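Commentary on secondary and tertiary structure
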Amino acid sequence: MSTIEAVDLHKRFGSIPAVNGVSFKVKEGEIFGFLGPNGAGKTTTIRILTGILKPDSGEARIMGYDVHKDPVKARMLTGVVPEEANPYPDLSAWDNLMLVGYLYGLSKHAAGERAARLLKLLDLYEVRGRKARSLSKGMRQKLLVAMALIGEPKVLFLDEPTSGLDVLSARKIRSLILDLKNNGVTILLTTHNVEEAGELCDRISIINGGQIVETGSPDDLMIKSGLYTYISVKFDRPVDPEDAAQFFKDWEHRVQGSRILLICKESAEPVVRVVEYAKARSLSIIDIHTSPPNLEDVFVKIIGG
Amino acid sequence: MMNTESFSHLWRSTWAICRKDIKLYYAKGPIVVTGVLFPLFLWGAFYIGRGLEPREGLASLITLTIFFTSSSVTPIIAPWETRQRTLEMLLSRPVKVTTILIGDILASTIFGLIFTLPIVLYSIVLGAALSNVLTAIVIITVTVIGFSALGVLFSALPTDTPADVVLLSSAVKLPLVFVSGVLVPLTQLPTWALSIAAASPLTYPTDLLRRLYTGDAFFPESVDIVMLMIFTIMFTVGALKLHEKTLSARLQRR
Ligand SMILES: Nc1ncnc2c1ncn2[C@@H]1O[C@H](COP(=O)(O)OP(=O)(O)O)[C@@H](O)[C@H]1O
Ligand SMILES: [Mg+2]
């Protein structure tokens with residue numbers, strides 16, 4: 001059973017097909033990323049998966065519960081950091097957190113204990129008495145994360161959790177996301193930050209125009225994008241250009257004195273060949289490095305193409 | 001099927017919403033002042049100077065107070081929280097919109113009861129019998145719930161602009177006052193006006209309370225009771241159902 005399951009979701013706003021046939025499954029304990037430009041349909045998908053919006057068609061399930069037929073059961077297992085929702089500006093951080101604790105059915109005692117622990121974990125304990133409106137953006141976002149976690153969810157939705165945050169708050173949230181994963185929480189996060197997606201996600205779906213264009217691990221996506229990896233090798237003495245050209249004919253290459261540059265789609269096989277080449281000719285490798293395409297190149301290529 | 005755990009979940013959610021409402025919307029100076037002064041002015045405008053005994057106007061004063069306290073704040077909560085994007089924050093949690101609305105009605109009921117209490121005490125000063133006071137409290141409670149629900153009903157309009165709902169609720173509420181037996185006793189109304197008064201939810205609690213305080217009433221008691229119950233249930237069920245209907249339109253706004 002998949003922990004999160006989206007089946008052919010469609011949602012239009014007037015003439016805009018905001019989500020246009022999105023399907024995916026997220027396994028237990030996985031961090032799944034939704035990467036896409038603004039307006040791609042990430043938030044709309046999350047709002048459907050958390051039961052806020054009804055899809056025009058399609059199904060959304062959380063641990064087997066249909067989000068729209070069994071909303072309370074599904075949400076009992078779910079924590080959400082919505083992109084467009086706010087804590088009550090005129091309630092204190094503490095009261096906001098307790099309110100959400102009660103909505104999960106916690107007793108005052110249990111909610112209070114969890115609230116204190118979460119606020120300490122997120123460095124908010126000192127400001128717990130302050131109204132949410134007086135908190136900085138970073139503190140407010142961390143409060144929303146605490147509110148998402150107070151029900152001890154099995155599944156966590158994070159819509160642009162670090163966008164627009166200061167470096168420290170963003171880093172705190174990212175490290176918390178990884179800790180949660182290690183505790184078995186399944187996480188779906190959206191971001192338009194390519195680097196963040198690459199750092200956190202086990203798998204990424206690139207979404208554009210309401211449709212998933214590509215899905216895979218960050219490494220898979222690089223290979224699928226068809227972008228090139230550059231391998232640059234330096235030997236201890238100059239190589240014979242014709243011999244080298246013959247040996248590396250499978251790849252596009254340049255030979256220059258004691259250096260060889262290979263341009264290829266993946267790096268493992270050519271690196272092995274470089275080592276063989278060096279051995280056979282008693283060359284020593286002084287330096288070798290590969291520059292894979294970065295995820296941003298991949299993203300631009302996939303979205304652009 | 002309702003096990004005790006889900007019952008405690010429902011109760012904790014409802015009570016948490018209710019306390020949130022009281023903190024954010026009711027425990028506020030201007031609201032309190034309006035809640036006290038407005039019905040007093042309205043009642044004073046009609047009763048003072050007519051040489052009526054204070055107890056003659058008691059029933060009307062209570063009904064007006066309930067009407068203007070209980071249905072004054074509930075209409076703005078849903079549009080305001082839609083605008084503020086806190087409603088979506090709430091609904092991302094394991095609560096139904098019904099639970100939230102019942103919490104809203106509960107807060108409004110507490111608020112309405114608190115504001116009616118001084119008048120009930122005043123009735124004791126005027127010599128109302130204890131049994132009558134207890135009966136009055138039951139009538140008042142049912143009425144407060146009904147008018148609180150009426151306020152919630154207005155807010156089912158799927159807007160994120162509180163002024164829209166305030167406009168709608170004033171457009172309905174003021175005529176309801178004027179066509180009821182609150183300002184002019186039913187016995188003094190011309191027949192054509194009576195049939196309109198019969199359609200106002202203010203008429204029946206007023207008639208019931210007038211019977212208690214003056215021994216004088218227009219409709220048979222059973223009619224008053226049945227009509228009061230019908231209005232209260234109709235407003236409550238109507239509010240919950242209508243909100244469920246308009247919720248997705250409301251959440252779709254941006
Ligand atoms: N409530 C709404 N009403 C009208 N249009 C909307 C609404 N929500 C989203 N859209 C439109 O749907 C598209 C997808 O938006 P969204 O899901 O917010 O994208 P993302 O989160 O990827 O930036 C955009 O074109 C946006 O303008
Ligand atoms: Mg978004």
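Keep in mind it's a predicted model, so treat the numbers as computed, not measured.

1. A word on the overall build of chain B
Looking only at helices and strands, one finds 11 helices and 0 strands in chain B. The C-alpha atoms of chain B give 19 Å as radius of gyration, which agrees with the globular expectation for 254 residues (18 Å, within 12%). The 254 residues of chain B split such that 53% are buried. The long-range fraction of contacts in chain B, counting pairs at least 24 apart against all pairs at least 6 apart in sequence, stands at 78%. Accessible surface, chain B as shown: approximately 11200 Å² in total, 72% of it carbon and sulfur. Charge centroids of chain B, computed over 19 positive and 14 negative side chains, lie 9 Å from each other.

2. Concerning the environment of B:S170
Examined against the element boundaries, B:S170 turns out to sit in helix α8 (residues 162–178). When the C-alpha positions of B:S170 and B:P54 are compared, they lie 28 Å apart, and in sequence the two are 116 residues distant.

3. Examining the interface of chain A and chain B
Across the boundary between the two partners, chain A contributes 30 residues, which contact 25 residues of chain B. Counting the surface lost from both chain A and chain B, the interface buries some 2800 Å², and carbon and sulfur atoms represent 62% of this. At the boundary of chain A with chain B, the tally comes to 2 salt bridges. One salt bridge in this structure joins B:E88 and A:R47, with 2.9 Å as the shortest N-O distance. Counting across the chain A and chain B interface gives 15 residue pairs in polar contact (both at pLDDT 80 or more). Elements that contribute at least two residues to the side of chain A that touches chain B include exactly β1 (4–13), α2 (71–76), α3 (93–103) and α5 (137–149) of chain A. If you tally residues by element for the side of chain A that touches chain B, the top one is α3(A), at 6 residues.

4. Focus on the pairing of strand β12 (residues 252–256) of chain A
All names here are of chain A. In this structure, β12 lies alongside strand β13 (residues 259–264), joined through 5 bridges in antiparallel fashion. Bridge pairing in β13 places H253 opposite L262. In this antiparallel pair of consecutive strands, β12 and β13, the connection spans 2 residues, and G257 shows a positive phi of 60°.

5. Brief notes about the coordination of the magnesium ion (ligand 2)
All names here are of chain A. Coordination of the magnesium ion (ligand 2) by the protein comes from T43 (OG1) and E83 (OE), over a distance range of 2.0 to 2.2 Å. A residue pair is termed long-range when its members are at least 10 positions apart, and T43 in helix α1 (residues 42–49) and E83 in the loop between β6 (78–81) and α3 qualify at 40 residues. Taking relative accessible area as the criterion, T43 reaches 12% and is therefore assigned buried.

6. Some words on unusual backbone geometry
A negative phi angle is the norm for most residues apart from glycine, just as the trans form is the norm for most peptide bonds. Residue and element names in this part refer to chain A. The backbone phi angle of E152 is positive, close to 45°, even though this residue is not glycine. Mapped onto the secondary structure, E152 falls in the loop between α5 and β7 (155–159). The backbone of S282 shows a phi angle near 50°, a positive value even though the residue is not glycine. Among the secondary structure elements, S282 is positioned in the loop between α10 (268–280) and β14 (285–291).

7. Side note on the side chain of B:T159
Residue and element names in this part refer to chain B. Considering the arrangement of structural elements, one finds T159 in the loop between α7 (130–154) and α8. Judged by its relative accessible area of 5%, T159 is buried. Polar contacts involving the side chain of T159 include one to the main-chain amide nitrogen of T161, which spans 2.9 Å. Those residues within four positions of T159 in sequence are excluded, and the remaining contacts are P79, T82, D164, V165, R250 and R253.

8. A few points about the confidence of the model for chain B
Scored by pLDDT, chain B has a mean of 88; 94% of the residues are at 70 or more. Overall fold confidence for the complex sits at a pTM of 0.87, while the interface term, ipTM, reaches 0.90.

Cut-offs applied
- Residues numbered from 1 in each chain as written.
- Chains lettered and ligands numbered in written order.
- Predicted model: local features only at pLDDT ≥ 70, side-chain atom pairs only at ≥ 80, totals over all residues.
- Heavy atoms only, no water.
- Helix = DSSP H or I, 4+ residues; strand = E, 2+ residues; numbered from the N terminus.
- Rg over C-alpha atoms; globule rule 2.2 N^0.38 Å.
- Buried < 20%, exposed > 50% of the residue type's maximum accessible area, 1.4 Å probe, protein only.
- Contact = heavy atoms within 4.5 Å.
- Areas by Shrake-Rupley, 256 points an atom, 1.4 Å probe, with all protein chains shown as cover.
- Lys, Arg positive; Asp, Glu negative; His and termini not counted.
- Charge placed at Lys NZ, Arg CZ, Asp CG, Glu CD.
- Buried area = accessible area lost by both parts, 1.4 Å probe.
- Salt bridge = Lys/Arg side-chain N within 4 Å of Asp/Glu carboxyl O.
- Polar contact = N/O pair within 3.5 Å; in protein donor to acceptor, adjacent residues only side chain to side chain.
- Pairing = 2+ DSSP bridges.
- Donors = N, O, S within 2.8 Å, 3.2 Å for Na, K, Ca; no water.
- pLDDT = per-residue confidence, 0-100.

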